[in-house]
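Structure assessment
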Amino acid sequence: MAKISEKYEAMVVFSVSAGEDNVKGLVEKFKTLIENNGTVEEVNEWGKRKLAYEIDDQTEGYYVLYTFESKPDFPAEFERVLKITDGVMRSMITVK
């Protein structure tokens, strides 16, 4: 029997070069996207942290951990949107 929904975690590292307001807007944008396609359990903002290595000549990133539940087909679409959005440096979605 196919699963109706699954729990996921998405770690996203946002670029801080465009400013704090831009980062807050992106955090809300992705929270709304998840809410439209499932249920958000938690948005854990880790804040600005030093990167282990430079990414696109940047040494800091803004880390956010989204915990959510959705249908199994949504994470692929969520990952696609993350990859094409300016301001997202890295992301990873895993099954919880």
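Description of the structure in this document.

Quick notes on the rules
Residues numbered from 1 in each chain as written. Predicted model: local features only at pLDDT ≥ 70, side-chain atom pairs only at ≥ 80, totals over all residues. Heavy atoms only, no water. Buried < 20%, exposed > 50% of the residue type's maximum accessible area, 1.4 Å probe, protein only. Helix = DSSP H or I, 4+ residues; strand = E, 2+ residues; numbered from the N terminus. Pairing = 2+ DSSP bridges. Salt bridge = Lys/Arg side-chain N within 4 Å of Asp/Glu carboxyl O. Contact = heavy atoms within 4.5 Å. Axes fitted to C-alpha atoms, helices over the stretch in contact; angles between N-to-C directions. Parallel < 35°, antiparallel > 145°, perpendicular 65-115°, else oblique. Left-handed = near helix turned anticlockwise from the far one by under 90°. Nonpolar A, V, L, I, M, F, W, Y, C, P; charged D, E, K, R; others polar.

Regarding the pairing of strand 1 (residues 6-15)
Counting buried positions along strand 1 gives 8 out of 10 residues, so the element sits mostly inside the fold. One ladder, built from 10 bridges, connects strand 1 with strand 3 (residues 58-70); its direction is antiparallel. Across the sheet, residue Glu 6 finds its bridge partner in strand 3, namely Ser 70. Pairing geometry for strand 1 and strand 4 (residues 88-95), over 7 bridges, is antiparallel. In the sheet register, Ala 10 faces strand 4, and the bridge partner there is Ile 93.

Here we look at the pattern of salt bridges
As enumerated under the stated definition, the model contains 5 salt bridges in all. Across the salt bridge formed by Lys 7 and Glu 41, the nearest N and O atoms sit 3.6 Å from each other. One end of the pair, Lys 7, is in strand 1; the other, Glu 41, is in strand 2 (residues 38-55), and 34 residues separate them in sequence. Since its relative accessible area comes to 39%, Glu 41 is described here as partly exposed.

A short note on the environment of Glu 6
Topologically, Glu 6 is positioned in strand 1. Classification of Glu 6 by relative accessible area gives buried; the value is 18%. Along the chain, Glu 6 and Pro 72 lie 66 residues apart, while their C-alpha atoms are 6.3 Å from each other. Sequence-distant contacts of Glu 6, that is, excluding residues within four places in its chain, are made with Phe 68, Glu 69, Ser 70 and Val 95.

Some thoughts on the packing of helix 1 (residues 20-37) against helix 2 (residues 74-84)
It is at 11 Å that the axes of helix 1 and helix 2 come closest, and there the two elements cross at 160°. Between helix 1 and helix 2, the crossing angle belongs to the class labelled roughly antiparallel. In this structure, helix 1 meets helix 2 at a crossing whose hand is right-handed. Touching Phe 30, Leu 33, Ile 34 and Asn 37 of helix 1 are Phe 74, Phe 78, Val 81 and Leu 82, all from helix 2. Among the residues making up the contact of helix 1 with helix 2, the classes are represented as 7 nonpolar, 1 polar and no charged.

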